[in-house]
Amino acid sequence: MIAAPEHGVRSQSRLTPMAEHGQPEPSIDRYAEVILESAPSTLRSSVYEALFVHGLDGVLITSADGRTLGANARACQLLGRTEHELIELGADGIVGRRDRRWREARETQAREGAFRGVFRLRRSDGSTFPAEVTTGTFPDGDCPRGYVSFRDVSTAEAEAARAEPGTRTAAEVVDDLESISDMYIGVDADWRMSYINAQAEARLGVCRDEVVGEDIWDRFPELLGTAFESTYRQVARTGRTATLEAHYDEADLWCEARVHALRRGGIAIHFRDVSDRRATQQERERLLTAERAARAAAERARRDLARIATHDELTGLLSRAGLLQEVDRVLAGRPEARLTVAFIDLDRFTLVNDSLGHGVGDRLLSEFGRRLTALAGPADPVARFGGDEFVVVLVDRSAEEVGRFAQQVIEASRQPVDVGARLLVTVSVGLATATGPADLGILLRGADAALHRAKDGGRERAVWFDEQMHVESVRRVELESDLRTALDRDELFLEYQPAFDLRVERICHVEALVRWRHPDRGLVGPVDFIPVAEETGLIHPIGELVLARAIEQAGRWAHLPEFRVWVNVSPQQLADHGFPARLAAQLDRAGLPAHRLGVEVTESALADGSRVGEVLERIHDLEVAIAIDDFGTGYSSLARLGEFPVDVIKVDKSFVHDLGTARGEALVAGIVTLARAIGAHVIAEGVETLAQLTALSALGVDSASGYLLARPSAPEHLPLTIPTEASYRWRLGVHPSVGRVPRRSSSPER
Ligand code: C2E
Ligand code: CA
Ligand code: CA
């Protein structure tokens, strides 16, 4: 820290030793004092002269009225001027003319006869140096003379300071104060400014010569009432150093002010312009705030994501992942807890969604979720697995309690839901409980199997997972893994079931049906593995394989006139937008005219809405025929049928089997009428009796298939006409119009 300059000029009396300035050499005063005491006046003047001419100090001789009468060589040397110049300049000219201290020093001299202090004296080149200045009077004959004696203290005192480390000379201090980038103001005990460095001059827009000696509060009245004032006063009062950082409005600066007391009274103020640092700090604070905000946002997003991952958005219930987590948490607290999984599914929910719209469906699900939560215990996690599947894990409940819970759920679902219209839904429940340590995955699979059993059993009921289901579910898991290798091992193949044109009793098309020759289980039918394939996504490669084989085979039947091969296409294949393009590519590769192929889609696939419609349109554009399979068993509204490009309606075998009854006949008649209305053909399948065949023919059905006519078989065993024993025309005494289909060689396609 920089010591304060010692410019306590006003309080210094004559001959006060300059304690702060190290060890001064014996000064002219001291010589004078000693000599004058004893010497006669002539000796005195010769002594003065000797000192004037040879002294180490610069001396100006002044008249009583203050004019400079002469200057010694040393003065000329120190100030870089000629004696003549110095006489012209006057004593006042060697220090700043407006330095009040100087003025006051002169006043002191006039009053007390002498004065001493440190001033910066100006050389002719404008540079300055610290000088210890002494003034006094001496008698010269009758007229008293004055003198101004000065000595450059910068070197001498710097040396003194070096000899005595820790001690700083006034000159050094002054130089330091001038060289530092801080602003500096020294204030004396009466609040007058005793020093102000060049920095402060520049920054505060004042001139040193003007302000030195001035009352700080007069000069800078804007300080009054500010933190600056209170701090300065406090330091002056307590003598304790203080620091403050505040905005100095007048100069629009952010200042850090370090204020300390001076030994002789008064204070020293170091200012530093910290505007840049403040700006940086403010910028840093702004960035910090922004960063904090960003971090909070990220944290919120993370929590949202975690919530999304663990919760179902629509109902706010747990998701599958959330349920797993929650159950883990329960088991961590109670490893022996007995867990029961209730798998709950809304019956025919797709029907609601499809006919009343997703908005209604969503409200129904939300409401059901609320009811379920109300019925479950506070410790029982409730989840929605997407779609209309809900899962409740019941913790430590007896079989009776679980049974009651399931019954309550079924009853709760029966309460109508008001969604604009009053909606009635029912649920089926599958239940599975752990006897040993619980594995949620196994329990879920068990409850799911039980749920399917409940649905198959007529819905709106609860079914417990049992041993047989366990065997089945194990079988299913095995099947799944076997199916993955079935494709590689080429275990899948197609059989073809013919359908016959009822007018001419001649084969008009075949339906390709996939089979699996399982290495251990023998022949596995599609009913047993297609659902597994659909669940695992294996349906895509399987579907591609079936299409490729069927197209290839259709090419071999090119010689049969107006002959078409139908292929079953699963809803998942239809949901794939790339499907039509791949279909086109396959046809192209095989060189098969598109009208030789047809795809059968189930009614339920149509319930999926617009996307399927788009895919069907593109298939239609290829001129591949489209049939609605199992018509009448799905839930698609008849009204929507017209929206799709349908060429053929296939009457489900269940209706064919009902043909003996009035209801059955009315149904088939209705389907035929509907088909005519949309310009579609009607194919009946599952014909097992001649009576059914006759009835279908009478109802105007275009073609038929069934075990009566032919079982699915390898292509080479394909019968081309209705076998005689099954021919209703033959029975009726009408000979089939065509007995044989011409061989490929003899009859090119029409
Ligand atoms: P679907 O499309 O309704 O096929 C007709 C099913 O009825 C065939 O069973 C057929 O063998 C059987 N069937 C034919 N005539 C009679 C009859 O007179 N009486 C009785 N009771 N049944 C008859 P399959 O081959 O077991 O196929 C079952 C289902 O598997 C098919 O029903 C179809 O939905 C599906 N499927 C078959 N092949 C494929 C395929 O390549 N891809 C896809 N996605 N599904 C296929
Ligand atoms: Ca079919
Ligand atoms: Ca069918």
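Residues numbered from 1 in each chain as written. Chains lettered and ligands numbered in written order. Predicted model: local features only at pLDDT ≥ 70, side-chain atom pairs only at ≥ 80, totals over all residues. Heavy atoms only, no water.

## Focus: the nonpolar core
Logical step 1: Within the largest apolar cluster, 77 residues are counted, with the highest numbers of intra-cluster contacts made by Val565, Leu574 and Ile619.
Logical step 2: Counting residues per element, this core draws most heavily on helix H20 (residues 539-556), which supplies seven residues.
Logical step 3: Counting residues in hydrophobic clusters, the runner-up holds 29 residues, among them Ile196, Val212, Ile216 and Ala246. (Core = buried A, V, L, I, M, F, W, Y, C linked by side-chain atoms within 4.5 Å. Buried < 20%, exposed > 50% of the residue type's maximum accessible area, 1.4 Å probe, protein only. Helix = DSSP H or I, 4+ residues; strand = E, 2+ residues; numbered from the N terminus.)

## Some details on the confidence of the model for the protein
Logical step 1: Looking at the protein as a whole, its pLDDT mean stands at 81, while 84% of the residues score no less than 70.
Logical step 2: Of all helices and strands in the protein, the one with the weakest mean pLDDT is helix H1 (residues 28-38) (43), whereas strand E21 (residues 564-568) scores best (98).
Logical step 3: Confidence drops under pLDDT 50 across residues 160-167; counting only partners more than four residues distant or on other chains, this segment forms five contacts.
Logical step 4: A low-confidence stretch, residues 733-750 (pLDDT under 50), is modelled with 29 contacts involving residues beyond four sequence positions or located in other chains. (pLDDT = per-residue confidence, 0-100. Contact = heavy atoms within 4.5 Å.)

## Focus on the environment of Glu623
Logical step 1: By the secondary structure assignment, Glu623 is in the loop between helix H24 (610-621) and strand E23 (625-631).
Logical step 2: On the accessibility criterion, Glu623 (57% relative accessible area) is exposed.
Logical step 3: In the structure, Glu623 is positioned 25 residues away from Gly598 in sequence and 8.9 Å away in space, judged by C-alpha atoms.
Logical step 4: Setting aside residues no more than four positions away along its own chain, Glu623 makes contact with Ala594 and His595.

## Digging into the packing of helix H17 (residues 440-456) against helix H18 (residues 467-488)
Logical step 1: Two elements in contact, H17 and H18, have axes separated by 10 Å at closest approach and are oriented at 110°. On the basis of their axis angle, the class for H17 and H18 is roughly perpendicular. Here H17 contributes Arg445, Ala449, Ala450 and Arg453 to the contact with H18, which in turn contributes Gln468, Met469, Glu472 and Val477. (Axes fitted to C-alpha atoms, helices over the stretch in contact; angles between N-to-C directions. Parallel < 35°, antiparallel > 145°, perpendicular 65-115°, else oblique.)

## Quick look at the packing of helix H14 (residues 349-356) against helix H15 (residues 358-375)
Logical step 1: Relative orientation of the contacting elements H14 and H15 amounts to 140°, with a least axis distance of 6 Å. What the angle tells us is that H14 and H15 run oblique. Contacts between H14 and H15 involve Phe349, Val352, Asn353 and Leu356 from the first element and His358, Val360, Gly361, Leu364 and Leu365 from the second.
Logical step 2: A class-by-class count of the residues in the contact of H14 with H15 yields six nonpolar, three polar and no charged. (Nonpolar A, V, L, I, M, F, W, Y, C, P; charged D, E, K, R; others polar.)

## Focus on the coordination of the calcium ion (ligand 3)
Any two of four tetrahedral donors ideally make an angle of 109.5 degrees at the metal, while pairs among six octahedral donors ideally make 90 or 180 degrees.
Logical step 1: With distances of 1.8 to 2.4 Å, the protein atoms coordinating the calcium ion (ligand 3) are Asp629 (OD), Asp630 (OD) and Glu685 (OE).
Logical step 2: Mapping the donors of the calcium ion (ligand 3) onto the primary sequence yields the spacing D-D-x54-E.
Logical step 3: In this model, the calcium ion (ligand 3) sits 3.8 Å from the calcium ion (ligand 2), the two metals being bridged by Asp629. On the criterion of sequence distance, the pair formed by Asp629 in strand E23 and Glu685 in the loop between strand E25 (681-684) and helix H28 (690-698) is long-range, its members being 56 residues apart.
Logical step 4: On the basis of relative accessibility, which here comes to 7%, the residue Asp629 falls in the buried class. (Donors = N, O, S within 2.8 Å, 3.2 Å for Na, K, Ca; no water.)

## Some remarks on H18
Logical step 1: Helix length check: H18 (22 residues) gives 33 Å between terminal C-alpha atoms against 32 Å at 1.5 Å per residue, within 8%.
Logical step 2: Those residues of H18 lying buried are Met469, Ser473, Leu479, Leu483 and Ala486.
Logical step 3: Positive phi shows up at Asp490, right after H18, with a value of about 60°. (Expected span 1.5 Å × (residues − 1).)

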